[in-house]
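# Breakdown of the fold
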Amino acid sequence: MKIAVPNKGRLHEPTLELLDRAGLAVESGADRQLYANTVDPDVTVLFARAADIPEYVADGAADMGITGYDQHRESRVENVDDLLDLGFGSCRLVLAAPEDGDITDPGDLAGATVATEFPNVTADYFAAKGIDVEVVEVTGATELTPHVEMADAIVDITSTGTTLRVNRLAVVDDVLDSSVRLFARNDVADDPKVGQVETALGSVLAANDKRYVMLNVPESELDAVEDVLPGMGGPTVMDVEGEDAVAVHAVVDERDVFATVSELKAVGASDILVTEIERLVE
Ligand SMILES: Nc1ncnc2c1ncn2[C@@H]1O[C@H](COP(=O)(O)OP(=O)(O)OP(=O)(O)O)[C@@H](O)[C@H]1O
Ligand SMILES: O=P(O)(O)OC[C@H]1O[C@H](OP(=O)(O)OP(=O)(O)O)[C@H](O)[C@@H]1O
Ligand SMILES: [Mg+2]
């Protein structure tokens with residue numbers, strides 16, 4: 001099983017970190033190598049440009065891939081299916097035009113020129129609206145093109161909005177929401193290894209917003225503690241040897257931890273520990 005992952009840029013580190021946490025650590029070697037082993041002898045990693053990954057997977061150079069959904073759409077590959085939203089690299093592709101200009105609606109661009117690093121997504125967007133534009137492909141610094149009369153508007157990535165603001169561009173319309181996805185080629189979708197990789201990465205995401213809570217409580221108060229801790233499938237309860245108390249363990253949503261700990265104390269729990277969870281397979 002080969003997984004194509006970004007070889008550099010903003011998606012590289014978080015992808016390797018996620019694989020690491022999922023128990024598929026990439027074994028370090030020379031920085032610029034093409035292939036790397038993981039701790040699983042059946043899983044290797046192919047380093048590629050974020051934009052090339054969907055095609056590498058579609059063509060069979062790799063079986064699974066991790067990259068932005070925007071790149072998946074831009075590649076127009078059809079034999080690749082998303083398995084998981086990995087929750088990082090969130091951004092929007094937007095149509096933007098000079099803030100002091102007269103383009104305030106996509107329809108204002110009929111017959112005009114739009115510059116972008118995403119010519120296919122852009123062409124599909126205008127075609128769906130029935131608006132005829134000329135799409136000019138650029139490979140970077142897209143935000144400059146309206147100011148040097150190369151284009152009337154752009155389709156580009158925005159996240160904080162800083163780049164658009166600095167270049168005095170305003171959003172005219174949303175084109176696509178993107179985040180990083182795990183995907184696989186259709187013809188390997190039933191391979192057990194694909195399922196294992198999906199489960200491993202999914203278990204890290206599932207654990208991200210959960211905490212493990214441990215506490216001791218007198219046996220007489222156990223019912224009250226169980227009311228506070230509905231948890232997944234109920235808490236685990238263990239006898240504490242030689243004492244009239246039990247130890248209780250439970251998985252709690254991160255956002256509920258503050259309230260839960262207060263309630264647990266109120267019903268007589270002591271020695272309360274809250275820890276992070278590395279992985280959670282339900
Ligand atoms: N500002 C951003 N915020 C969040 N995600 C982004 C942002 N810019 C890009 N991305 C995501 O990262 C993917 C890769 O971006 P890109 O190919 O520009 O690489 P990079 O990490 O910016 O490195 P470089 O541009 O130096 O090659 C994009 O397709 C998109 O999914
Ligand atoms: O809304 P913002 O937070 O400003 O982010 C948007 C910018 O981020 C990306 O550029 P990147 O930093 O990857 O530089 P690049 O043009 O070299 O890819 C993207 O191409 C935008 O220019
Ligand atoms: Mg970039």
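Quick note: structure is the one above.
Computed from a predicted model, the values in this text were never measured in an experiment. (Residues numbered from 1 in each chain as written. Chains lettered and ligands numbered in written order. Predicted model: local features only at pLDDT ≥ 70, side-chain atom pairs only at ≥ 80, totals over all residues. Heavy atoms only, no water.)

## Details of the site of ligand 2
- For ligand 2, the full set of nearby residues is Arg10, Glu143, Asp156, Ile157, Thr158, Ser159, Thr160, Gly161, Thr162 and Thr163.
- Here an oxygen atom of ligand 2 sits 3.2 Å away from a polar atom, N or O, in the side chain of threonine 158.
- Here an oxygen atom of ligand 2 sits 2.8 Å away from a polar atom, N or O, in the main chain of glycine 161.
- Alone, ligand 2 offers 500 Å² of accessible surface; in the complex the protein occludes 61% of this. (Near = heavy atom within 4 Å. Polar contact = N/O pair within 3.5 Å; in protein donor to acceptor, adjacent residues only side chain to side chain. Areas by Shrake-Rupley, 256 points an atom, 1.4 Å probe, with all protein chains shown as cover.)

## So, the site of ligand 1
- Taken together, 13 residues sit near ligand 1, with Gly9, Arg10, Asp70, Gln71 and Ser159 positioned nearest.
- Here an oxygen atom of ligand 1 sits 2.9 Å away from a polar atom, N or O, in the side chain of aspartate 70.
- The side chain of serine 159 places a nitrogen or oxygen atom 3.1 Å from a nitrogen atom of ligand 1.
- Protein chains bury 69% of the 610 Å² of accessible surface belonging to ligand 1 in isolation.
- With respect to the detected pockets, ligand 1 is housed in the largest pocket.
- By residue class, the composition of the shell around ligand 1 is four nonpolar, six polar and three charged.
- Formed jointly, the shell around ligand 1 draws a minimum of three residues from each of two domains, domain 1 (2-88 + 179-206) and domain 2 (91-177). (1 Å grid on protein atoms, 1.4 Å probe; cavity = no way out; pocket = protein on both sides within 12 Å on 5 of 7 lines; lining within 4 Å. Sits in = over half its atoms within 2 Å of the grid points. Nonpolar A, V, L, I, M, F, W, Y, C, P; charged D, E, K, R; others polar. Domains from an automatic or database assignment.)

## Concerning a negative patch on the surface
- A cluster of acidic residues, Glu13, Glu17, Asp20 and Glu278, forms a negative patch on the protein surface.
- Within the secondary structure, aspartate 20 is located in helix H1 (residues 12-21).
- Since its relative accessible area comes to 45%, aspartate 20 is described here as partly exposed. (Patch = residues over 30% accessible without salt bridge, like charges linked within 9 Å, V, L, I, M, F, W, Y side chains within 5 Å. Salt bridge = Lys/Arg side-chain N within 4 Å of Asp/Glu carboxyl O. Lys, Arg positive; Asp, Glu negative; His and termini not counted. Charge placed at Lys NZ, Arg CZ, Asp CG, Glu CD. Helix = DSSP H or I, 4+ residues; strand = E, 2+ residues; numbered from the N terminus. Buried < 20%, exposed > 50% of the residue type's maximum accessible area, 1.4 Å probe, protein only.)

## Focus on helix H6 (residues 192-208)
- Under the 1.5 Å per step criterion, the end-to-end length of H6 is 25 Å for 17 residues, consistent within 8% with the ideal 24 Å.
- Residues of H6 that are buried include every one of Lys193, Val194, Val197, Ala200, Leu201, Ser203, Val204 and Ala207, and no others.
- In this fold, the buried residues of H6 make contact with strand S1 (2-6), H1, strand S4 (64-68), strand S5 (80-85), strand S11 (180-185) and strand S12 (210-218).
- By the N-cap criterion, in which a side-chain oxygen at the helix start approaches the backbone nitrogen of a residue two or three places on, H6 is capped by aspartate 191, the distance to lysine 193 being 2.8 Å. (Expected span 1.5 Å × (residues − 1). Contact = heavy atoms within 4.5 Å.)

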